[in-house]
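Now for the letters of each chain:
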Amino acid sequence: DAMVIQNPRYQVTQFGKPVTLSCSQTLNHNVMYWYQQKSSQAPKLLFHYYDKDFNNEADTPDNFQSRRPNTSFCFLDIRSPGLGDAAMYLCATSRDSGGANNQPQHFGDGTRLSIL
Amino acid sequence: AQSVAQPEDQVNVAEGNPLTVKCTYSVSGNPYLFWYVQYPNRGLQFLLKYITGDNLVKGSYGFEAEFNKSQTSFHLKKPSALVSDSALYFCAVIVPGTYKYIFGTGTRLKVLA
């Protein structure tokens, strides 16, 4: 089945040690998103790509960066994780339907990041 | 300002009874509305959407939602709840002209056997 896959499912890193989370998709969707979700709260959008065009949310910390080397893959880099960055990170994709964005987002199962 | 409200943090319902999870929205223009479900340690799963047309939308797992423009509501419903429906439910609206969602705060549904 076509899907959105996030690796790893659980990641532990040390305070201040850079970490990279990965996401891949077999849906061939042109829009990809990264969300941060804490404690059953609503997901918070960090950034999204429309093809290779990168769109950063105004309140996304500078500590968070992203790369999308091709349609299928997207990475979230946290340069110097702090304790407050412990969360579930969700990747999602959607298909652009000719300018009317009414297509659902497809989510991966997330990476749960713990900071020691 | 665009917003989505889910007024209930938690809804409890007995198995076999009908369930309703409430959502109201405030958005300029015609809204694109979505419902998602999230099980523990899983991503969000799409249930249904309203774009245009019939106000009653049918979705996955027997869920449906009714779009009410005058009340700016999009409540999620199911005629007969299952224990396996217990999960976290999010209502979302697309910010017009963008690819971004505004999510509600989520409602935890507990279906009691």
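Per chain, residues are indexed from 1 in the order of the written sequence. Each chain gets a letter, beginning with A, and each ligand a number, beginning with 1, in the order they are written. Restriction of local features to residues with pLDDT of at least 70 applies here, the model being predicted, together with a cutoff of 80 or more for giving and counting side-chain atom pairs; totals for whole chains, interfaces and linings are based on all residues. Side-chain metrics rest on all non-hydrogen atoms present in the structure, leaving aside hydrogens and water.

Visitor: I keep staring at the nonpolar core and nothing clicks. Help me out?
Guide: General note: in soluble globular proteins, nonpolar side chains tend to be found buried as a group. Core analysis: the biggest nonpolar cluster contains 29 residues, and Trp35(B), Leu47(B), Leu48(B), Phe74(B), Leu76(B) and Tyr89(B) have the highest contact counts within it. Each helix corresponds to a stretch of at least 4 residues labelled H or I by DSSP, and each strand to a stretch of at least 2 residues labelled E; elements are numbered beginning at the N terminus. Broken down by secondary-structure element, the contributors of at least two residues to this core are strand E2 (10-14), strand E3 (19-21), strand E5 (33-38), strand E6 (44-50), strand E8 (64-68), strand E9 (73-78), strand E10 (87-94) and strand E12 (107-112) of chain B. Residues belong to one nonpolar core when they are buried, are Ala, Val, Leu, Ile, Met, Phe, Trp, Tyr or Cys, and are joined through side-chain atoms within 4.5 Å. For every residue, the accessible area (1.4 Å probe, protein chains only) is compared with the maximum for its type, and the residue is labelled buried under 20%, exposed over 50%, or partly exposed between those bounds.

Visitor: What should I look at first to understand the interface of chain A and chain B in this one?
Guide: Buried accessible area, meaning the area lost when the parts come together, often serves as the stated size of an interface. The partner chain B presents 22 residues to the 27 residues of chain A that form the contact. For the pairing of chain A and chain B, the buried interface totals around 2,000 Å² over both sides, and the portion due to carbon and sulfur atoms is 54%. We count a salt bridge whenever a side-chain nitrogen from Lys or Arg sits within 4 Å of a carboxyl oxygen from Asp or Glu. Across the pair Arg42(B) and Asp109(A) runs a salt bridge whose closest N-O atoms are separated by 3.0 Å. Contributions of two or more residues to the side of chain A that touches chain B are made by strand E4 (31-37), strand E5 (44-50) and strand E9 (87-94) of chain A. Contacts are assigned to residue pairs that have any heavy atoms within 4.5 Å of one another. Note on terms: buried area is the combined drop in 1.4 Å-probe accessible area of two parts once they are placed together, counting the loss on both.

Visitor: Help me understand the pattern of salt bridges in this model?
Guide: Oppositely charged side chains can form a pair if their charged atoms are brought close together. All told, the structure shown has seven salt bridges over all chains when counted by the stated rule. Here Glu57(A) and Lys100(B) are joined by a salt bridge, their closest N and O atoms 3.3 Å apart. Of the two residues, Glu57(A) sits in the loop between strand E6 (53-56) and strand E7 (64-67) while Lys100(B) sits in the loop between E10 and strand E11 (101-103), which places them in two different chains. Look at Glu57(A) and you get buried, because its relative accessible area is 15%.

Visitor: Mind showing me how you'd approach the packing of aromatic side chains here?
Guide: The aromatic pairing rule takes the rings of Phe, Tyr and Trp, using the six-membered ring of Trp, and pairs them if the centres are within 6.5 Å, calling planes under 30 degrees apart stacked, those over 60 edge-to-face and the rest tilted. A complete count under the given rule lists 20 aromatic pairs over all chains for this structure. A ring pair is formed by Phe47(A) and Phe54(A), whose centres lie 5.4 Å apart and whose planes are at 45 degrees; its orientation type is tilted. What makes Phe47(A) buried here is its relative accessible area of 1%. Clustering of aromatic rings is evident, with ring pairs tying together Tyr33(A), Tyr35(A), Phe107(A), Phe34(B), Tyr36(B), Phe46(B), Phe90(B), Tyr101(B) and Phe103(B).

Visitor: It is not clear to me how the sheet that holds strand E3 (residues 19-25) of chain A should be interpreted in this structure. Could you clarify?
Guide: Strand-to-strand pairing in sheets goes through backbone hydrogen bonds, with the strands running parallel or antiparallel. Residue and element names in this part refer to chain A. If DSSP finds at least two bridges between two strands, the strands pair. Reading across from one edge, E1-E3-E8-E7 is the order of the four strands in this open sheet, with antiparallel pairing throughout. With one partner strand each, in any of the chains shown, strand E1 (4-7) and E7 form the two edges of the open sheet. For this sheet the average axis-to-axis angle between neighbouring strands, irrespective of direction, equals 20 degrees. Bridge count for E3 against strand E8 (residues 73-78) is six bridges, and the pairing is antiparallel. Structural elements are reduced to axes, namely lines fitted to C-alpha atoms, with helices fitted over the stretch in contact, and the angle between N-to-C directions of any two is expressed from 0 to 180 degrees.

Visitor: Can you walk me through the layout of surface pockets in this structure?
Guide: Space left empty within the atom packing is revealed by a probe, the size of a water molecule, rolled over the atoms. Put simply, the second largest pocket is a space of about 160 Å³. Side-chain classes follow a simple rule in which Ala, Val, Leu, Ile, Met, Phe, Trp, Tyr, Cys and Pro form the nonpolar group, Asp, Glu, Lys and Arg form the charged group, and the remainder, Gly included, forms the polar group. For the lining of the second largest pocket, a count of residues per class yields four nonpolar, five polar and three charged. Every definition here rests on a 1 Å grid over the protein atoms only: cavities are sets of points where a 1.4 Å probe fits but cannot get out, pockets are open sets enclosed by protein on both sides within 12 Å along at least five of seven lines, and lining residues have some atom within 4 Å of a point. Grid points are joined across faces, edges and corners, and a volume is the space filled by probe spheres set on the points.

Visitor: Got a minute to help me understand the environment of Asn30(A) in this structure?
Guide: Looking at where Asn30(A) falls in the secondary structure, it is placed in the loop between E3 and E4. Contacts of Asn30(A), omitting those with residues within four sequence positions, involve Tyr49(A), Tyr50(A), Asp51(A), Arg68(A), Ser94(A), Arg95(A) and Asp96(A).

Visitor: Just checking my understanding: could you explain the pairing of E10(B) for this structure?
Guide: Strand residues, when the strand is regular, have side chains that alternate between the two faces of the sheet. Residue and element names in this part refer to chain B. For E10, the buried fraction is high: eight of the eight residues fall into the buried class. Across six bridges, E5 lies against E10 in antiparallel orientation. By the bridge assignment for E10, Gln 38 is matched with Leu 88. As paired strands, E10 and E12 are joined by three bridges and run antiparallel to one another. Paired with Tyr 89 across the bridge in E12 is Thr 107. In the sheet, E10 pairs with E11 via three bridges, with the strands oriented antiparallel. Bridged to Ala 92 within E11 is Phe 103.

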